[in-house]
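Survey of secondary and tertiary structure
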Amino acid sequence: MATVKITETVLRDAHQSLIATRMTTEEMLPSLEALDRVGYYSLEAWGGATFDACLRFLNEDPWERLRTIRAHVKNTKLQMLFRGQNILGYRHYADDVVEYFVQRSIANGIDIIRIFDALNDIRNLKTAIAATKREGGHVQGAISYTLSPVHNTESFVSFAKQLEEEGVDSICIKDMAGLLTPYEAFNLVTAIKKAVKLPLQLHTHYTSGLAPMTLLKGIEAGADIVDTSISPMAMGTSHTPTEPLVAALRGTEYDTGLDLARLNEVKNFYAPLRDKYLSSGLLDPKMLGVDVNTLLYQVPGGMLSNLNSQLKQAGREDCFEAVLEEVPRVREDAGYPPLVTPTSQIVGTQAVFNVLYGRYKMVSKEFRNLIKGEYGATPAPISEDFRRRIIGDETPVTSRPADLLAPELDALREKVRVYYEKEEDVLTYALFEQVAVKFFEKRRSALYDIDPDHTDKKSLVHPV
């Protein structure tokens, strides 16, 4: 057994899980060189919700964040999370947008792209996988792990084989809700390693309290790489803390080779940040506990907070338990999609509607599109009676959804032309049109405040 490698998630998934992705680049900056010295396999630093949060809440250019991290991390691979045909947004994008986003991500410093689809529909991964390989990046194909009558070891192994056939460089078991139990992890890792001759990474959240045991059993079964987070930003809805796992494996055949003193140096950067987030209320202490509802309802931690927020806005917090009980019923009706972005939001919102207004009396556009097939093929077939109830006489989509989309880049470039300052602006606009325009307008205002004649073109040029 080779040394177990560690992917550190503090720059992306850890703070996405605990504080809704609100860590700023300025807060990250002092820790970057210490992180680079540890010897991690990779730093997960971009993708997921970071792009949206930078623009929407932090008034930051996500591309500038990536360039800044790359400038300070010279020895460690940078990794991102990519939602297949959804890229980092919430709808399917045309192939030309997907391909260009991959190209610019790698040009700006990404080494590894972890690509997943919420439905585990391989058709939704093909374009992103091919684009990453063409650009010389490492493609990690991810399996969205979930529990249902149609998901089992055999179905996940079958999907792993499909990923291998598509030419991925490694595979990740992505357990976003913390549902993977230790002995099931042992069985699943064993089965995938037997069927597929690729490095295997294990990603699981602490939400249900199982994560450290799950990682340990996965490592014993042959997992090559695991995801963790430095301890101040670990546990709760985040990940297994890095330091205890490194200590647990020290001196064994799985020894990570990482130095606890160097990890402590990183910890010392993040401990005060954690205190700051707690005192400001950004980090809710509830996010740091073990949530049994994860195992009862298979709802990821981030989805729990979203449901609670929706009910608060409606003044119906008393309906929280009823909504949690409705989620599995909606998921069954919808063909048992794994609950991960965007399907977690789609199923969760529909469960809220069902409880507040009556079952399927009000249906969201996104839920209708899911049932129609616009997100891809659901793991289990949807009954024709239910499909007709939701979409009426509309024709279901049975082809790869992106095949129905015309190229978008040229039209998007024309729309964003008035704000265009950087090559990547067209992609920012493509993903989050209204939010991007607000960001571009703020950026322009700030520039005019500094340079009223708009003559300092150097400020607009960034090396890639």
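Anything mentioned here points back to the structure above.
The numbers attached to residues start from 1 for each chain and follow its sequence in the written order. Side-chain atom pairs in this predicted model are given and counted only at pLDDT of 80 or more, local residue features only at pLDDT of at least 70, and totals for whole chains, interfaces and linings cover all residues. Excluded from the side-chain calculations are hydrogens and water; all other atoms, namely the structure's heavy atoms, are used.

Strands here mean DSSP runs of E at least two residues long; helices mean DSSP runs of H or I at least four residues long; both are numbered from the N terminus. Counting its regular elements, the chain contains 21 helices and eight strands. Taking 2.2 N^0.38 as the reference for a compact globule, 464 residues should give roughly 23 Å; the C-alpha atoms of the chain span a radius of gyration of 22 Å, in line with that estimate. Projected onto its principal axes, the C-alpha coordinates of the chain cover approximately 60 × 60 × 45 Å. Exposure categories follow from relative accessible area, calculated using a 1.4 Å probe and restricted to protein chains: below 20% of the type maximum is buried, above 50% is exposed, and the middle band is partly exposed. The 464 residues of the chain split such that 59% are buried. Working rule for contacts: check all heavy atoms of both residues, and any pair within 4.5 Å makes them a contact. The long-range share in the chain, meaning contacts at least 24 apart out of those at least 6 apart in sequence, stands at 75%. His residues and chain termini do not enter the charge count, which takes Lys and Arg as positive and Asp and Glu as negative. Here the site of a charge means NZ on Lys, CZ on Arg, CG on Asp, or CD on Glu. Distance between charge centres in the chain, computed from 53 positive and 63 negative side chains, equals 1 Å. Computation of the radius of gyration draws on C-alpha atoms, with the globule rule given as 2.2 Å multiplied by the number of residues to the power 0.38.

As paired strands, strand β1 (residues 5-8) and strand β8 (residues 225-228) are joined by four bridges and run parallel to one another. Note on β8: the bridge partner recorded for K5 is I225. By this definition, two strands are paired if DSSP reports at least two bridges between them.

Okay, the packing of helix α6 (residues 95-107) against helix α19 (residues 409-416) next. Two numbers describe how α6 lies on α19: the axes approach to 9 Å, and their chain directions differ by 70°. Taken together, the axes of α6 and α19 are roughly perpendicular relative to one another. Packed against α6, whose contacting residues are D96, V97 and Y100, the element α19 presents L409, L412 and R413 at the interface. Three residue categories are used. Nonpolar comprises Ala, Val, Leu, Ile, Met, Phe, Trp, Tyr, Cys and Pro, charged comprises Asp, Glu, Lys and Arg, and polar comprises the others, including Gly. Residue composition of the contact of α6 with α19, grouped by class: four nonpolar, no polar and two charged. Here, axes are lines fitted to C-alpha atoms. For helices the fit covers the stretch in contact, and angles between N-to-C directions go from 0 to 180 degrees. Oblique is the label for every angle not falling under 35 degrees (roughly parallel), over 145 degrees (roughly antiparallel), or within 65 to 115 degrees (roughly perpendicular).

Bringing the pairing of strand β4 (residues 112-115) into the picture now. Here β4 shows a buried face lined by I112 and R114 and a second buried face lined by I113 and I115. Bridge count between strand β3 (residues 77-82) and β4: four bridges; the pairing is parallel. By the bridge assignment for β4, Q79 is matched with I112. Orient the strands so they point away from the viewer; a crossover is then right-handed if the path from the first strand over the helix to the second runs clockwise. Between β3 and its parallel partner β4, the chain crosses via α6, and the hand of that crossover is right-handed. Alignment of β4 against strand β5 (residues 138-144), held across four bridges, turns out to be parallel. Paired with I112 across the bridge in β5 is H138. One crossover worth recording links β4 to the parallel β5 by way of helix α7 (residues 126-134), and it is right-handed.

For the pair helix α15 (residues 320-333) and helix α16 (residues 343-357), the least separation of the axes is 8 Å and the interaxial angle reads 120°. As summarised for this structure, α15 and α16 are arranged oblique, according to the angle between their axes. The two elements α15 and α16 meet at a crossing, and its hand is right-handed. Across from A322, V323, E326, V327, V330 and R331 in α15, the residues of α16 making contact are V347, Q350, A351, V352, N354 and V355. Its residues assigned to classes, the contact of α15 with α16 shows eight nonpolar, two polar and two charged. Handedness of a crossing is defined here by the sense of rotation of the near helix relative to the far one, left-handed for an anticlockwise turn of less than a right angle and right-handed for a clockwise turn.

Next up on the list: the environment of F186. Structurally, the position occupied by F186 is in helix α9 (residues 182-195). The class of F186 is partly exposed, set by a relative accessible area of 29%. Measuring from C-alpha to C-alpha, the distance between F186 and A71 comes to 38 Å, with 115 residues separating the pair along the chain. Excluding residues within four positions of it along the chain, F186 makes contact with K217, E220 and A221.

Turning next to helix α17 (residues 365-372). Where α17 is concerned, the buried positions are F367, N369, L370, I371 and K372. Buried residues belonging to α17 abut α15, α16 and α18 (384-391). Directly after α17, the chain includes G373, whose backbone phi takes a positive value near 105°.

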